[in-house]
Amino acid sequence: MQTVSFIVKPNIPERLKPLEEMANNLWLSWNFEAVQLFMRLDYDVWLESRQNPARTLGRVSQARLEEIARDSSFLAAMDAVYAEYQKYLQRERWYKGDGRDVVAYFSMEYGLDVSLPIYSGGLGVLSGDHLKTASDLGLPLVGVGLLYRQGYFQQYLNPDGFQQEFYPENDWYTMPVHLLSNDQGQPVTISVDIGPDTVTAQVWEVRVGNTPLYLLDSNIETNPPRDREITATLYGGDEDMRIRQEILLGIGGIRALKALDLNPAVTHMNEGHSAFLGLERIRALIQDRKMSFSEAHQAVWPANIFTTHTPVPAGNERFQVDLMAGYFKGFAEQLGLSWKEFLGLGRENPDNEQESFCMTVLALKLAAHANGVSRLHGNTSRRMWRNLWPELPVEEIPIRSITNGVHPRTWISHNMIDLLDRYLGPQFQENPADFEVWKHMDRISDEELFRTHERRRERLVAFVRQRLRHQLQRRGFPEAEIQMAEDVLSPYTLTISFARRFATYKRANLLLRDPDRLIRLLTDVERPIQLIFAGKAHPHDLKGKELIRELIHFAQDPQLRSQIVFLEDYDMTIARYLNSGSDVWLNTPRRPLEASGTSGMKAAMNGVLNLSILDGWWDEIYSPECGWAIGSGEEYEDQELQDEIESKAVYDLLEREIVPLFYTRGRDGLPRPWVKRMKAAMSEVGRVMNSHRMLIEYSQHFYLPALEKAKSFLAEEYSSAREIAAYLQRLKKSWAQVKVGSLSGPERSMYKIGDKVEVTVRINLGGLSPQELRVELYFGTISSSGPIEDARSVEMVPQSDGRSTVEYRGQIECAVTGRQGYTVRLLPKHPALVHPYVPGFIRWA
């Protein structure tokens, strides 16, 4: 059948043109006054459009548009919001640079708003908050991703409570995304060789305040069906589909930026999915600048950033060698590498031909800057990847920690935002980088804060009843049971929520371990609790699906039906209601498997108290004043024992502390000790766990130094990169001859605080100059097991300028009592190296 397509756009009256502009910028997603404008147009259409402003404009009747264009009240509100929008786009920002070169942020998914469903969960929502915060701060950052026509699946449950998946098609022409065109009016496209196919992708743009997000789309008629499926679903398909998606994201993403005449001077890989971008950057330099692989590698290494989110080795993506061969043998030749050398880029041990190709390893080898997403996760990551730097102590492995944060104005309810704006002053809105403003929570009266929170709980209960009614109708329940949804939950009862991906390590069923004890808590006549669960299991995770089914069966007990609810199809809308209307946020992962987690941060900024295992972000900010810890940070080998101990700890905390604290009211009906904790949680979490702090850390540690390095490399035609490559080649040839000679002992066996210990060592430089080798005196406390702990290091000074054997001297100042010790180590030294920890070139005495 022959079909001819065309596009119809809404006919917006000229007076309402600001609405059209704002509908296509996701600034709207964190400004409720703008959202209210679209709700006022036609509330029923707004709901039918799944809270999508662009679609709402297209579905509101022309008569209604003409009517509202004459409504002075609406126009006054619209003009006020549009003025704020324009003020935001033009205001002075934290970042003061010129913005000519950009940081390109690559992520497999982006959770920006419910109107753009191209996200699955926490990783995507973090990416969305990253872009929003970059806009707030004025960073020269652009996002790069894929435009999935079916997004991630929508979840529904069958009558037995087993998860089913549904993949609706997205209509991009009614969403806040637009297709980019070139000067000839044709779509901007790029092509990538993916195996035997040359895949073409067009580029779409999403505006996120001042930050653009570019999304690649392979669903175009010039591609065969197999290639059009690359951007069909997020995390769908088999291993072959995943590698095809990641080739398009990494390699195609770099090409898309160049097609848009943007210079991605710095690239940030958010998880390993996009690591192939590093290879494309190297290939382009080899082709355009006639560089060798090692020279091109050194040119991009200081300008690549990698963030890992995975706390277990099995969670890091690996591709089998045969699969890699089908897609990269020709690419390896373009890089001037043998097949073994190419595979070695993705192997912990390049000589192990049985090892598969790991995307995390590739990213770590191509990026000078790497980080985990919480302090605990940074420690875990350093231990996990120590084989890449076997000569280094774990604490010095170059993977730092930058703890995740959340975008406050996206996640704090509009009721609470109004309250905070009134009491915290204009700085709270106009200068989000002023974190000290959060310390003024005591300006807000207990009554006003708690009444605001109670309104959010009331709205949560109303929302849950509406969603539950819809769920029951879809699952075919009889009308009598559907009517019971109107009585589910109470707006006055202590509400505990658990909302996250249903993976086994997150233990959604931990509360069910002692059913009788839980039932007593739920059905207590005077001080009951109620539970709300939400979350999806991965389509292939049968154990996760079984957790949902177990929960549904438990909740079907007649005496519990009004006290436990599972909300289907967890998305950003549900998250906002739960984060703002719950009283307690429950989190029960197996430590240390929660890399960071961010849902508890969002809850805390709304005054919701966390009850959580000390894992991820909660491990570094917890205090008894702002929530509760389950356990004391223990890690178990016996999971059955762990579940037994930690489930009892949850019950004990609920029975002895949480429930009594919530229901103990003064004469004015306020639980003042509870409100005191709410204020403490909002103050501390708001100040420390916001995404502006996170982005400033990324900027200061990574983005700004990397931009400066990239700028200097380009200005000098990459001569420093060529010099580093030549230096490392000299080091490789001489390293076998470089030796640590005799190390002097201390002059006496006993010293006092403040004394200085002189140390000398003779180093055979193997033909290198003293300026090409860093000799460090490494010292600290000697542990009972032998290694030096709490170590520090100072560079030793050469006493001559020879190229054979040179004496070096250093000095230790005695600052700690107890048994101390020292040794010497050798590291590379070159002024253009970001850090000296180059695998294979670290030697100890």
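Coordinates for the structure precede this section.
The structure contained in this document is the topic of the report that follows.

Cut-offs and rules
- Residues numbered from 1 in each chain as written.
- Predicted model: local features only at pLDDT ≥ 70, side-chain atom pairs only at ≥ 80, totals over all residues.
- Heavy atoms only, no water.
- Helix = DSSP H or I, 4+ residues; strand = E, 2+ residues; numbered from the N terminus.
- Buried < 20%, exposed > 50% of the residue type's maximum accessible area, 1.4 Å probe, protein only.
- Contact = heavy atoms within 4.5 Å.
- Expected span 1.5 Å × (residues − 1).
- Polar contact = N/O pair within 3.5 Å; in protein donor to acceptor, adjacent residues only side chain to side chain.
- Pairing = 2+ DSSP bridges.
- Axes fitted to C-alpha atoms, helices over the stretch in contact; angles between N-to-C directions.
- Core = buried A, V, L, I, M, F, W, Y, C linked by side-chain atoms within 4.5 Å.
- Phe/Tyr/Trp six-rings, centres within 6.5 Å; stacked < 30°, edge-to-face > 60°.
- Lys NZ or Arg CZ within 6 Å of the ring centre and 35° of its normal.

For the rest of this paragraph, the subject is the environment of R64. Note that R64 resides in helix 5 (residues 62-68). Accessibility expressed as a relative area gives 21% for R64, which makes it partly exposed. In this structure, the C-alpha to C-alpha distance between R64 and D42, residues 22 residues apart in sequence, is 8.3 Å. Among residues more than four places away in sequence, those in contact with R64 are R40 and L41.

This brings us to helix 26 (residues 639-663). Across its 25 residues, helix 26 extends 34 Å between first and last C-alpha, which sits within 8% of the 36 Å expected from 1.5 Å per residue. With a side-chain oxygen lying 3.0 Å from the backbone nitrogen of E640, the N-terminal cap of helix 26 falls on D638.

Sheets are built from strands that pair by backbone hydrogen bonding, the pairs being arranged parallel or antiparallel. Spatially, the six strands line up as an open sheet ordered 17-16-15-18-19-20, and their pairing is parallel. Unpaired on one side and paired on the other, strand 17 (564-567) and strand 20 (627-630) mark the two borders of the sheet. Averaged over all neighbouring strand pairs, the angle between strand axes comes to 20°, with direction disregarded. Bridge count for strand 15 (residues 494-499) against strand 18 (residues 584-587) is two bridges, and the pairing is parallel.

Ranked by internal contacts, the top residues of the largest apolar core, which has 177 residues, are F276, F328 and F342. At ten residues, the largest contribution of residues to this core is made by helix 28 (residues 691-715). Setting aside residues up to four positions removed in sequence, F328 forms contacts with I243, I247, I251, F276, L279, W339 and F342. By size, the runner-up hydrophobic cluster in this structure holds 101 residues, among which are M416, L419, L424 and W585.

To continue, consider helix 27 (residues 672-688). Over its 17 residues, helix 27 extends 24 Å from the first C-alpha to the last, a length consistent with the 24 Å expected when each residue adds 1.5 Å. Looking at helix 27, one finds that the buried residues are W674, V675, R677, M678, K679, A681, M682, S683, V685 and G686.

Using the criterion set out here, one finds 27 aromatic pairs in the structure. Aromatic side chains Y173 and W204 sit 5.6 Å apart centroid to centroid with 65° between the ring planes, which places their arrangement in the edge-to-face category. Taken together, the positions of Y173 in the loop between strand 4 (163-166) and strand 5 (178-179) and W204 in strand 7 (residues 197-208) put the pair 31 residues apart, joining distant regions of the chain. Ring geometry for F342 against F357: centres 5.9 Å apart, planes inclined by 15°, an arrangement best described as stacked. Linking F342 in helix 13 (residues 339-344) with F357 in strand 12 (residues 357-358), this pair joins segments that are 15 residues apart in sequence. Each of the two residues, F342 as well as F357, counts as buried. An aromatic cluster of three or more residues is present, and its members are F276, F328, F331, W339, F342 and F357. When the ring centre of W411 is taken as origin, the NZ or CZ atom of R576, which lies over that ring, is 5.4 Å away.

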